[in-house]
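Listed below, chain by chain, are the residues.
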Amino acid sequence: MAQGDKFREVTEEFRTVVAGRSNAIDAVLPPLAFLILNALLGFTVATWGSLGAAGALAALRLIRGQAIGYALGGLAATSFAILTALLSNRAEGFFLPNLVSGGLTALICLISVMAGRPLVALTSHLARGWPLAWYWEPQVRPAYSEVTLAWAVLFTLRLAFQWFLFREAETAVLGVLSVILGWPATIVLLVISYLYGTWRLQNLDGPSVEEFKEDADPPWEGQQRGF
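Because the structure is a prediction, the values reported are computed rather than measured.

The rules we used
Residues numbered from 1 in each chain as written. Predicted model: local features only at pLDDT ≥ 70, side-chain atom pairs only at ≥ 80, totals over all residues. Heavy atoms only, no water. Axes fitted to C-alpha atoms, helices over the stretch in contact; angles between N-to-C directions. Helix = DSSP H or I, 4+ residues; strand = E, 2+ residues; numbered from the N terminus. Parallel < 35°, antiparallel > 145°, perpendicular 65-115°, else oblique. Left-handed = near helix turned anticlockwise from the far one by under 90°. Contact = heavy atoms within 4.5 Å. Nonpolar A, V, L, I, M, F, W, Y, C, P; charged D, E, K, R; others polar. Buried < 20%, exposed > 50% of the residue type's maximum accessible area, 1.4 Å probe, protein only. Salt bridge = Lys/Arg side-chain N within 4 Å of Asp/Glu carboxyl O. Phe/Tyr/Trp six-rings, centres within 6.5 Å; stacked < 30°, edge-to-face > 60°. Lys NZ or Arg CZ within 6 Å of the ring centre and 35° of its normal.

Asker: For this particular structure, what's the right way to read the packing of helix α8 (residues 141-167) against helix α10 (residues 183-204)?
Answerer: Geometry of a packed helix pair, given as the angle between the helix axes and the separation of the axes. At their nearest, the axes of α8 and α10 sit 9 Å apart, and the two run at 150° to each other. Compared by their axis directions, α8 and α10 come out roughly antiparallel. The interaxial crossing formed by α8 with α10 has right-handed handedness. The segment α8 lies against α10, with Pro142, Ala143, Tyr144, Glu146, Val147, Trp151, Leu154 and Phe155 engaging Leu189, Leu190, Ser193, Tyr196, Gly197, Arg200, Leu201 and Leu204. Here the residues of the contact of α8 with α10 are counted per class, giving 12 nonpolar, two polar and two charged.

Asker: Sorry if this is basic, but what is going on with the environment of Phe212 here?
Answerer: Along the chain, the position of Phe212 falls in helix α11 (residues 209-213). You can call Phe212 partly exposed: its relative accessible area is 25%. Discounting chain neighbours no more than four positions away, the residues touching Phe212 are Pro131, Ala133, Trp134, Glu137 and Pro207.

Asker: What is the right way to look at the packing of α8 against helix α9 (residues 171-180) in this model?
Answerer: Two numbers describe how α8 lies on α9: the axes approach to 9 Å, and their chain directions differ by 155°. In terms of orientation, α8 lies roughly antiparallel with respect to α9. Remark: the crossing between α8 and α9 carries left-handed chirality. Contacts between α8 and α9 involve Phe161, Gln162, Leu165 and Phe166 on the former and, on the latter, Val173, Leu174, Leu177 and Ser178. Looking at the contact of α8 with α9 residue by residue, the class counts come to six nonpolar, two polar and no charged.

Asker: Could you clarify how one ought to interpret the environment of Trp136 in this entry?
Answerer: By secondary structure assignment, the location of Trp136 is in the loop between α7 (132-135) and α8. For the pair Trp136 and Arg117, spaced 19 residues apart in sequence, the C-alpha separation works out to 7.5 Å. Look past the residues within four positions of Trp136 in its chain and what remains in contact with it is Gly116, Arg117, Pro118, Ala121, Leu122 and Arg141.

Asker: Honestly, the pattern of salt bridges in this entry has me stumped. Any pointers?
Answerer: Side chains that differ in sign of charge can pair as their charged atoms come close. This structure, assessed with the given rule, holds two salt bridges. The closest approach of N and O atoms between Glu146 and Arg200, which form a salt bridge, is 2.8 Å. With Glu146 in helix α8 and Arg200 in helix α10, this residue pair connects regions lying 54 residues apart in the sequence. Classification of Glu146 as partly exposed rests on a relative accessible area of 27%. Here Glu210 and Lys213 are joined by a salt bridge, their closest N and O atoms 3.8 Å apart. With a gap of three residues between them, Glu210 and Lys213 both fall in helix α11, about one helical turn apart. For Glu210, a relative accessible area of 46% corresponds to the partly exposed category.

Asker: Looking at this model, I keep getting lost on the packing of aromatic side chains. Mind explaining?
Answerer: The description of an aromatic ring pair uses the distance of the two centres, along with the angle that the planes make with each other. This structure, assessed with the given rule, holds 10 aromatic pairs. Measuring from centroid to centroid gives 5.6 Å for Trp130 and Trp134, while their planes differ by 85°, and the two rings are edge-to-face. Ring centres 6.1 Å apart and planes at 80° place the aromatic pair Trp134 and Tyr144 in the edge-to-face group. Of this pair, Trp134 sits in helix α7 while Tyr144 sits in helix α8, and the two are 10 residues apart along the sequence. A connected cluster of aromatic rings, assembled from ring pairs, spans Trp130, Trp134, Tyr135, Trp136, Tyr144 and Phe227. Above the face of the Trp136 ring, Arg117 is positioned so that its terminal group lies 4.5 Å from the ring centre.

Okay, structure coming up:
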């Protein structure tokens, strides 16, 4: 497949899975506001400013008649982050919930692989609606297990770096890193996961989703697109 065709495929698949399901600005703006305001005007202004940014996003989406689920989630997450910062009496505490969620994600990824039900397969099933039994096929599941393990390693490394910065009270660096390792890094991770996953599925010589549905006999053509 030509590089241009592969790029279009990845773009279309990303839109199919992600578009309409999330609003990155809802997750990025509140911590970014906290980071900037804390550096310029101090901790107190930063807490109120980030909460105001999250509330303004929720109100804006409500006025425009847009889905506010992610905005409300961002507002709740920001409120919890502010509470953590206030209780710890440290600006770095704002980013502590992010560290905890990253650690839990890494742990869940590892446990899911050990249980033979890789997390990436489950998320793909929820996003695409493909038969769950297909993911557990012996010539399909390894691809999802390997990608899930890669996720576990990456989230663990991210947690270790963020924890070091948290302990060292490097608020500015921790804030910048948290923003960069949020949606921007997630998008890159999804693209790499897709490229490796589709390649791995083709090399495992397992059935495609349609071949699985039709109970086709081998040799199979295999999954040519989608992960």
